[in-house]
Amino acid sequence: MTISTDKLLSLYRTMVLIRQCEEQLARSYAAGTITGACHTYVGEEAIATGVCAHLRHDDAVFSTHRGHGHALAKGVPPRELVAELFGRETGCSGGRGGSMHLFSPEVGMMGTSGIVGPCILQAAGAGYSFQLLETDQVGVAFFGDGAVGNGAFHEGINLATIYDLPVVFICENNMYATEVAFAYSARNTDVAGRAAGYGLHAEQVDGNDVVAVYEAAEEAVARARSGGGPSLMECRTYRTRVHAEGMGESGYRSQEEIDSWKARDPMVAFAKRVVEAGDLTDADLQAVDEEITEQVADAVTFATDSPWPDPATVADHIYGEGA
Amino acid sequence: MTISTDKLLSLYRTMVLIRQCEEQLARSYAAGTITGACHTYVGEEAIATGVCAHLRHDDAVFSTHRGHGHALAKGVPPRELVAELFGRETGCSGGRGGSMHLFSPEVGMMGTSGIVGPCILQAAGAGYSFQLLETDQVGVAFFGDGAVGNGAFHEGINLATIYDLPVVFICENNMYATEVAFAYSARNTDVAGRAAGYGLHAEQVDGNDVVAVYEAAEEAVARARSGGGPSLMECRTYRTRVHAEGMGESGYRSQEEIDSWKARDPMVAFAKRVVEAGDLTDADLQAVDEEITEQVADAVTFATDSPWPDPATVADHIYGEGA
Amino acid sequence: MASGEMARREMTYTEAALEALTAAMVRDPTIFVLGEGIGERGGNFNTTKGLYQRFGPRRLRDTPICERGFVGLCTGAAMTGTRPIVDFMFIDFILDAVGELTNQIAKIQYMTSGRLKMPVLLRGCVGVGGGAATHHSGSYFPFFVNVPGFRVVVPTTPYDAKGLLATALRCDDPVLYLEHKSLLNVRGDVPEEDFAIPFGEARVCREGTDVTIVGVGPLVPKSLAAAESLAAEGISVEVIDPRTLAPLDMETILSSVGKTGKLLVADESFGPCGIGAEIAAQVMDQGFDDLAAPVRRLNGVHTPTPYSPPLEAAVVPSVEQVAVAVRELAAE
Amino acid sequence: MASGEMARREMTYTEAALEALTAAMVRDPTIFVLGEGIGERGGNFNTTKGLYQRFGPRRLRDTPICERGFVGLCTGAAMTGTRPIVDFMFIDFILDAVGELTNQIAKIQYMTSGRLKMPVLLRGCVGVGGGAATHHSGSYFPFFVNVPGFRVVVPTTPYDAKGLLATALRCDDPVLYLEHKSLLNVRGDVPEEDFAIPFGEARVCREGTDVTIVGVGPLVPKSLAAAESLAAEGISVEVIDPRTLAPLDMETILSSVGKTGKLLVADESFGPCGIGAEIAAQVMDQGFDDLAAPVRRLNGVHTPTPYSPPLEAAVVPSVEQVAVAVRELAAE
Ligand SMILES: Cc1ncc(C[n+]2csc(CCOP(=O)(O)OP(=O)(O)O)c2C)c(N)n1
Ligand SMILES: Cc1ncc(C[n+]2csc(CCOP(=O)(O)OP(=O)(O)O)c2C)c(N)n1
Ligand SMILES: [Mg+2]
Ligand SMILES: [Mg+2]
């Protein structure tokens, strides 16, 4: 592992930020402060963290219904995320979006989508822009195994491949789409293998190992940035909470399965590893935990104190200026 | 080759019927008798012929814009095909469809589509019916290489595979979609290889060799009929006429390429082979040629003499009876 | 329930529809349902609760997330002798299948001059509510009224939910059966026995003499509430629920307008080229001399649906807005 | 052409649009075009003729047949600083991309409160003609008027084709630019210099006093032809071309109706929930007292488009049908 101590600390910080934010959002949902859908990223933090560590604010991330973690890892301030789910004017989408519609173009969070699929195509489109404008920016899509059976996967991966676009596709294969098992939705569950069939660079990564993700993403992002074309990373992982807050488990997966993945918690594993390797100390990590706890508490206060959007603005910005 | 003489003659007859019909339709198009689009199947006759030889009238074929050959091979009488393109009431779609909308459910020709893609899904749907109703019928889709990059390919093949549906997918890979080369639209042009990635049975066949197609289809249809699930056959072939009547070649493919494929004409190759093998004689074949020439002439007379549809019926049958 | 007991029971809208579906599936072994989570789980909105256990995995089959794919599959199935139901959960997901709907499903009967039928039922939840936000709040029915070939059904009561679904499941045409989120848990009396409500028959929910309201979906109960309070002010309101938007029962609407001379069409979905425009144009065309005032439309705000509660509330027509519009009409 | 020569030249509708596109691509290096056959070949309808040779393979790029895919790609491109044009050839192919259009393209500006723009131009041929048959004859614009977020442009002359496309290519909103098949080869005077026609400004094509016709697309020339023959009968017809359906210039329509008191909306596309319904409802709402007769609508027959010439002719409103409708209105 040739990752600097600072970087290790920063990876840990991002994972903890996501985890603590998600747990807070789950509590706020239970309390009724958040309405609509709320899909948490608990258990999958290593993926957004390891990938976004290589991205600049001018790289473009497109994500899906389970997008809180991507937003935070890409640099959306927790205040703006929490305020968005609280429906406040100060939220990253001005309260218009909620959990599934997080927009923060300022930091390159180009949007999450409540519809499965479009992010794949849009990331290819960002790649198209960057190729045409001859910049070294990169487009990134995060999506679940559930998107793999969708036409958008097929069309988007193919377009990016034949046009050689600077894009990185991140498939977060957590084995289920809601309660439908990926093994039911696909006879062949080797996403990386299938993607390679399109002719792009594809590999499978342990999505619960932030270092593995970090290293694979480093290569994929560098490849895209330097004109080497698109890549796909299949990150195998697991969501340890319910599909969406308020839903039950309903029996589609066993308690043993859940427990076995909980035992592979990406943060716990990372902490163990870096401490054992002597890269970081328990005290280092605990300091981060505390820092984040404060940050999340501050975000909740900020959101709670923020004004509601003004209903008089409800139809603003449907169109741009002029024309 | 263990194919009976009768069967060989019948394969030849179907190919000649398609060829002669197409050449007639091309002439009629040039004469202005046919309007709209008219995509001929010249050069690809072996595929529909070899596949449909294994189908019954209660098997369901779904096809695409280049569908005349599929209709004829499936048993649509040439009279009804020609009358349809002439826009007559006696056409297989009552004149409502024209070249790209051939419906003859009576013989299991469930429709051709002017939109690329849907036939793949609909064949899967026929397979769904047959599985649910526990019959031994089979659904078949014919589509071009141009459909391979479309989401319908991805979603349809996947659904048929995971549900184990009795379907045969026939990809007619003629290397171009209009003038866009398949090698441009796909980095990996091995359709069978890619299809196998979904987990269904897939193989590549010489689409200009009617016997090869016949033999591969025999297996695929039998597999579907007996509950063995779906298959895909990638039939490599070439259209030797322009994409659609009235269009030019416009330089997207070389004259050498066209000529090299003309030299591999499926009917000529077949005739040479069966005569050399002593299975059929030149006289046998010539008799078929003449029989078909008469049949096509009769179809043109029939169509020409047929009435136009009554404009008063133009909005009939949008809805079924009742409700 | 033993005979002799009350044949009418109170139940929810969702339960009533499930009863119609269950009866149809017992009667007709060619009916099957596809969708995400409609198998063992019984549907995100309990639309197929218990059916997997009863009818098995071929008649209730979960799908991958490929709406275009399974709508296209259902097209081919309907063409070959079965009766597919697509359960979209949220109807918004239908948008990826609009090509299959418009160019295939809607046209097959026409292209075959009726030699093939197209008994596909497309169902899902529509409408704004509960912070569902912009990708889970749409209605879209004007499009399906515009395109020839569809039946468009918008039940508003448990009774209608059962009776209209029964008709849909006998109908040989493609039917969009659209269930508004806010109505799913509404309770009402529903007969135990099978019954069917023909398409194209509006229901006069309340009689009145001053102003007619045609309400669509959730605007029916809202209009009834407004009518109640307007009655206290001395304004007598007739409320009509068209129940199906295609076919549209213009006769009932026109005869009401013949009596009141004034019409408000209240609909949560978008105004431009919406159902209110169509009704207004037809009433003008066929009942111009009856009109004492122009037909008025009340629609949801013409904007994507926002998430935040105060914004969400601001885009949906309220009981008070209905009342205001009626008062204005009455005063004209 | 040297200055001093006639600045106005006669050219076709397609050539005029190509001129606007070429000028925009010279001016703005972020514009690119995707579609099938729009590269080296220059487009099935010559919409991009010569541009590949001039601007190269990244700015004119052929696509596989994956309409949803490349519309979604263009969405992401527009969000990140370029200005994509999707050239659908036949607009019917847009239907596989309705999800991307409705839930993504139309909503991005709103969801970001204007922090992102959505300068996507979607163009293609609409309408019935030439035996194109049921999958290549649609119009679909009522849907895009119903959904908030789109500009819908329907040029009818070479002059408008150039001027409206110029505006579309400077506009930050998603624009549907719909070219009717029957108009592509119409010739007319077009200024050589750049000019832009603002959206939402109707054109009064012919002044008259007895009856107003709002024509859409090919119904503009047909209405002008009908007006010509009606003039001989002593009926004075005003013909209005709205040019854009969203935004819709109701002011011009209302002021004409203020003069004539009678309105016919003539449109080849489907009637129910169509643009005629919307115009009728708005005219009634805002100009009720001006109306001497109900607004009439003349639409294509509400049926899938058949192939056979006599059937095809039967579904399209004819000059004679326009004249009959106007005569009836004039007599009311
Ligand atoms: C097109 C579409 N269809 C259905 C849904 C409903 N839906 C929301 S999340 C979800 C499951 C997604 O699974 P996956 O992509 O694996 O992501 P995960 O939730 O496992 O992270 C479904 C079916 C949707 N959002 N979009
Ligand atoms: C969805 C869709 N997009 C575009 C077209 C226009 N189009 C008609 S045929 C064709 C090429 C089809 O190529 P392929 O599938 O390889 O079949 P081939 O013509 O080679 O037999 C295209 C692009 C269409 N019919 N449908
Ligand atoms: Mg998943
Ligand atoms: Mg091809």
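Residues numbered from 1 in each chain as written. Chains lettered and ligands numbered in written order. Predicted model: local features only at pLDDT ≥ 70, side-chain atom pairs only at ≥ 80, totals over all residues. Heavy atoms only, no water.

(A) Representation of the overall build of chain A within the structure. When helices and strands are counted, chain A shows 12 helices and 8 strands. Relative to the compact-globule value of 20 Å for 323 residues, chain A shows a C-alpha radius of gyration of 19 Å, a close match. In terms of overall dimensions, chain A has C-alpha extents of about 60 × 50 × 40 Å along its principal axes. A burial count over chain A gives 63% of its 323 residues as buried. Sequence separation of at least 24 residues holds for 75% of the intrachain contacts in chain A that already meet a minimum separation of 6. (Helix = DSSP H or I, 4+ residues; strand = E, 2+ residues; numbered from the N terminus. Rg over C-alpha atoms; globule rule 2.2 N^0.38 Å. Buried < 20%, exposed > 50% of the residue type's maximum accessible area, 1.4 Å probe, protein only. Contact = heavy atoms within 4.5 Å.)

(B) Summary view of helix 1 (residues 5–30) of chain A. Compared with an ideal rise of 1.5 Å per residue, which puts 26 residues at 38 Å, helix 1 of chain A spans 37 Å between its outermost C-alpha atoms and is within 8% of the ideal. Looking at the residues trailing helix 1 of chain A, positive phi occurs at Gly-32 of chain A, about 90 degrees. (Expected span 1.5 Å × (residues − 1).)

(C) Just the coordination of the magnesium ion (ligand 3), in detail. Here the magnesium ion (ligand 3) is held by the protein donor atoms Asp-145 of chain A (OD), Asn-174 of chain A (OD1) and Tyr-176 of chain A (O), which lie 2.0 to 2.1 Å from it. Binding-site remark: the magnesium ion (ligand 3) is held by donors from one chain whose sequence spacing is D-x28-N-x1-Y. (Donors = N, O, S within 2.8 Å, 3.2 Å for Na, K, Ca; no water.)

(D) Up close: the interface of chain C and chain B. Across the boundary between the two partners, chain C contributes 43 residues, which contact 47 residues of chain B. Contact between chain C and chain B buries roughly 3600 Å² in total, counting both sides, with carbon and sulfur atoms accounting for 60%. Along the contact surface separating chain C from chain B lie 2 salt bridges. Connecting chain C to chain B are 23 residue pairs in polar contact (both at pLDDT 80 or more). Elements represented by at least two residues in the side of chain C that touches chain B include exactly strand 2 (31–35), strand 3 (60–62), helix 3 (67–79), helix 4 (98–105) and helix 5 (108–111) of chain C. Of all the elements, helix 3 of chain C adds the most residues to the side of chain C that touches chain B, at 9 residues. Residue classes in the side of chain C that touches chain B are distributed as 17 nonpolar, 16 polar and 10 charged. (Buried area = accessible area lost by both parts, 1.4 Å probe. Salt bridge = Lys/Arg side-chain N within 4 Å of Asp/Glu carboxyl O. Polar contact = N/O pair within 3.5 Å; in protein donor to acceptor, adjacent residues only side chain to side chain. Nonpolar A, V, L, I, M, F, W, Y, C, P; charged D, E, K, R; others polar.)

(E) Main features of the coordination of the magnesium ion (ligand 4). Asp-145 of chain B (OD), Asn-174 of chain B (OD1) and Tyr-176 of chain B (O) make up the full set of protein donors to the magnesium ion (ligand 4), lying at 2.0 to 2.1 Å. Between consecutive donor residues of the magnesium ion (ligand 4), the sequence gaps follow D-x28-N-x1-Y.

(F) Inspection of the site of ligand 2 at higher detail. Around ligand 2, the structure places 19 residues, and the nearest of them are His-65, Arg-66, Gly-114 and Gly-146 of chain B together with Glu-67 of chain D. More than one chain lines the surroundings of ligand 2; the residues nearby belong to chains B and D. His-65 of chain B places a side-chain nitrogen or oxygen 2.7 Å from an oxygen atom of ligand 2. A distance of 3.0 Å is found between an oxygen atom of ligand 2 and a side-chain nitrogen or oxygen belonging to Asp-145 of chain B. (Near = heavy atom within 4 Å.)

(G) Looking closely at the relation of the copies chain C and chain D. With an RMSD of 0.0 Å, the fit of chain C onto chain D corresponds to turning through 180 degrees and sliding 0.0 Å along the axis. Both copies are brought into coincidence by an operation consistent with a two-fold rotation axis. Of all interface residues in chain C, 100% are interface residues in chain D too; the two copies therefore contact each other through one and the same surface. (Least-squares fit on C-alpha atoms with pLDDT ≥ 70 in both.)

(H) How the structure looks around helix 7 (residues 158–168) of chain D. Among the 11 residues in helix 7 of chain D, 10 count as buried, and that is most of the element. Among the residues making up helix 7 of chain D, those that are buried are Pro-158, Asp-160, Ala-161, Lys-162, Gly-163, Leu-164, Leu-165, Ala-166, Thr-167 and Ala-168 of chain D.

(I) Representation of the site of ligand 1 within the structure. Taken together, 19 residues are adjacent to ligand 1, and His-65, Arg-66, Gly-114 and Gly-146 of chain A together with Glu-67 of chain C come closest. With respect to ligand 1, its neighbouring residues span chains A and C. The contact in question runs from an oxygen atom of ligand 1 to an N or O atom on the side chain of Asp-145 of chain A, over 3.0 Å. Taking Asn-174 of chain A, its side chain carries an N or O atom lying 2.9 Å from an oxygen atom of ligand 1. Expressed as a share of its isolated accessible area of 580 Å², the protein-covered part of ligand 1 is 96%. For the shell around ligand 1, the class distribution of residues is 8 nonpolar, 7 polar and 4 charged. (Areas by Shrake-Rupley, 256 points an atom, 1.4 Å probe, with all protein chains shown as cover.)

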